[in-house]
Amino acid sequence: MTIDKKRFILLLTVVLVAVGLSGGIGHWSARISAGPEIPRDEEERYHGERLKTIKLNAEDVKTFGIEVKEAAREVLPVHLELPGEIAPNPDRLIHVVSRVPGVVRSVLRNLGDNVRVGDVLAELDSKELADAKAGYLAMLKRIEVARTNLKREEDLWKKRISAEVDYLDAKKAFTETEIELKSAEQKLHALGLSEEALERLPTQRDVSFTQHEIRAPLSGTIIEKHVVKGEVIKDDREVFVLADLTSVWVNINVYQKDMRTVTKGQPVTISAGSGIPDVQGTIAFVEPVAGTETRTALAHVLLPNPKGILRPGLFVTAKIKTDDTPVPIVVPKTALVSEGDRTEVFVETEQGFTSRTVTTGRSNDTLIEVVLGLKAGERYVTKGAFTLKAQISKGAFGDSHGH
């Protein structure tokens, strides 16, 4: 044997001895160990890795905030998230239109004001209204004359002083005048005058005949204003839009692929973000006709809004509960940690908290199904898994602590 061969054999022997000593020392001193071997029939499930375990005492478990739960069969709520927008309740929304043409004398309310039923919003000067009032007052005088004439002709006819035809003519004239008075009265009602206003009309000053008050027909908030002082407006002009915002609609866009899934009566959670608390509701109805441009249907949710936090125009996310699916094992997403392409949970064993590679399935925002890697009855870490992972990583780099 040459000298070079002897040196090679000696060097190889030294290396093997060093490796053996290093492995023994690591076995004695490490707090974080490789853990038990995976059974032969489980190797494929866990991709052949060696489990990692960390041992903690009760004080450390409390300090690190570790929480453990027993794996069991549970129900996985299935949700569908769709975009939506808050809108005024159409049943509590009114477009205020001036019933008479005229010139705006004053505007008493502004955008954003809260008003009650009957509050005056604006005042007009209207020639047409003055003509209608004058016509009504004229008919009041004419009906008095016609009534007096009818009474006189009736008395004369009964006393056989005048002919019956004169009495009949007077009766006809009275009836026609009465019809015209009713017509004039209804015209003023159509222009917005109430019964009380009609009763006061004969005692009003002539100058007030032109004045028309636009009043609030609904208690709510002025969300649109389309009138200014001195403006000439027509009798079909929209001047204000009032909305009672103590309740609002949420209009949810339902895509074509989801139309069979979304139905009336499903519970829904509305999230508006920006610090606005989530609101629970129920789908009131789904429109039967899809939009010709968007090819989406609208699902509507009616929500109470007593504090006015839900403002029309805000975009929201609607989380609709579409199903409850029983699954063998469900864990919170906080129980999962990732390492490369592997997903792990920590299982409580006699040796400590052992990492376990799992295969996941269906999920929602907070829960996820475990298909492989965790069995019913096993206790797993629901909170603090990242802390355990960090402690294992510290130990792997030689920074182990005596817990």
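Calculation rules
- Within each chain, residues carry numbers counting from 1 in the order of the written sequence.
- Totals for whole chains, interfaces and linings use every residue, but because this is a predicted model, local features are given only for residues with pLDDT of at least 70 and side-chain atom pairs only at 80 or more, for both listing and counting.
- Hydrogens and waters are ignored; side-chain quantities use all the structure's heavy atoms.
- By nonpolar core we mean a set of buried residues, namely Ala, Val, Leu, Ile, Met, Phe, Trp, Tyr and Cys, connected to one another through side-chain atoms within 4.5 Å.
- Relative accessibility decides the category of a residue: with a 1.4 Å probe and only protein chains considered, values under 20% of the type maximum give buried, values over 50% give exposed, and everything between is partly exposed.
- Where helices and strands are cited, they refer to DSSP runs of H or I of at least four residues and of E of at least two residues respectively, numbered from the N terminus.
- Contact between two residues is taken to exist if any of their heavy atoms lie within 4.5 Å; hydrogens are not considered.
- The span one expects for a helix is its residue count, reduced by one, times 1.5 Å.
- Within 3.5 Å is the distance limit for a polar contact, defined as a pair of N or O atoms, with the added protein rule that one can donate a hydrogen and the other accept it, and that residues adjacent in sequence qualify only through two side-chain atoms.
- Using only the protein atoms, space was sampled on a 1 Å grid; points where a 1.4 Å probe fits but cannot get out form cavities, open sets with protein on both sides within 12 Å along at least five of seven lines form pockets, and lining residues are those with an atom within 4 Å of a point.
- Grid points are joined across faces, edges and corners, and a volume is the space filled by probe spheres set on the points.
- Residue classes follow a fixed rule: Ala, Val, Leu, Ile, Met, Phe, Trp, Tyr, Cys and Pro count as nonpolar, while Asp, Glu, Lys and Arg count as charged, and any other residue, Gly among them, counts as polar.
- The rule is short: rings of Phe, Tyr and Trp, with Trp giving its six-membered ring, pair when the centres are within 6.5 Å, and they are stacked under 30 degrees, edge-to-face over 60, tilted in between.
- In this description, strands pair whenever DSSP reports at least two bridges between them.

1. Comments concerning the nonpolar core
Of all hydrophobic cores here, the largest spans 36 residues; its most connected members are Val 96, Leu 121, Tyr 136, Leu 188, Leu 201, Val 239 and Phe 240. Residue assignment for this core shows that the elements contributing at least two residues are strand 8 (120–125), helix 3 (127–158), helix 4 (164–190), helix 5 (195–200) and strand 12 (238–243). Sorting elements by how many residues they give to this core places helix 3 first, with nine residues. The contacts of Val 239, once residues within four sequence positions are left out, are Val 96, Ser 98, Ile 214, Glu 224, Lys 225, His 226, Val 227 and Ile 233. Among the nonpolar cores identified, the runner-up in size contains 21 residues, and Val 262, Val 279, Ala 299 and Leu 310 belong to it.

2. Quick notes on helix 3
Across its 32 residues, helix 3 extends 46 Å between first and last C-alpha, which sits within 8% of the 46 Å expected from 1.5 Å per residue. All of the buried residues in helix 3 are Leu 129, Ala 130, Ala 132, Lys 133, Tyr 136, Leu 137, Met 139, Ile 143, Ala 146, Leu 150 and Glu 153. The N-terminus of helix 3 is capped by Ser 126, whose side-chain oxygen sits 3.5 Å from the backbone nitrogen of Glu 128. One or two residues past the end of helix 3 sits Arg 160, with phi positive at roughly 60 degrees.

3. A look at the layout of surface pockets
Of the volumes computed, that of the largest pocket is approximately 610 Å³. Contributing to the lining of the largest pocket are 21 residues, with Gly 192, Leu 193, His 212, Glu 213 and Arg 215 lying nearest its centre. When contributions to the lining of the largest pocket are tallied by element, the ones reaching two or more residues are strand 5 (93–97), helix 5 and strand 9 (211–215). The leading source of residues in the lining of the largest pocket is strand 9, at five residues. Of the residues in the lining of the largest pocket, the class split is nine nonpolar, seven polar and five charged.

4. Some thoughts on the packing of aromatic side chains
Throughout the structure, instances matching the rule amount to two aromatic pairs. With a centroid separation of 5.1 Å and 5 degrees between ring planes, the pair formed by Trp 157 and Tyr 167 is classed as stacked. In this pair, Trp 157 sits in helix 3 while Tyr 167 sits in helix 4, placing the two residues 10 residues apart along the sequence. The class for Trp 157 is partly exposed, based on a relative accessible area of 32%.

5. Observations concerning the sheet that holds strand 7 (residues 114–115)
Sheet architecture is open: four strands sit in the order 5-12-10-7, paired in antiparallel fashion. Where the open sheet ends on each side, the last strands, each with one partner, are strand 5 and strand 7. Bridge count between strand 7 and strand 10 (residues 220–225): two bridges; the pairing is antiparallel. Among the inter-strand pairings, Asn 114 is bridged to a residue of strand 10, identified as Thr 221.

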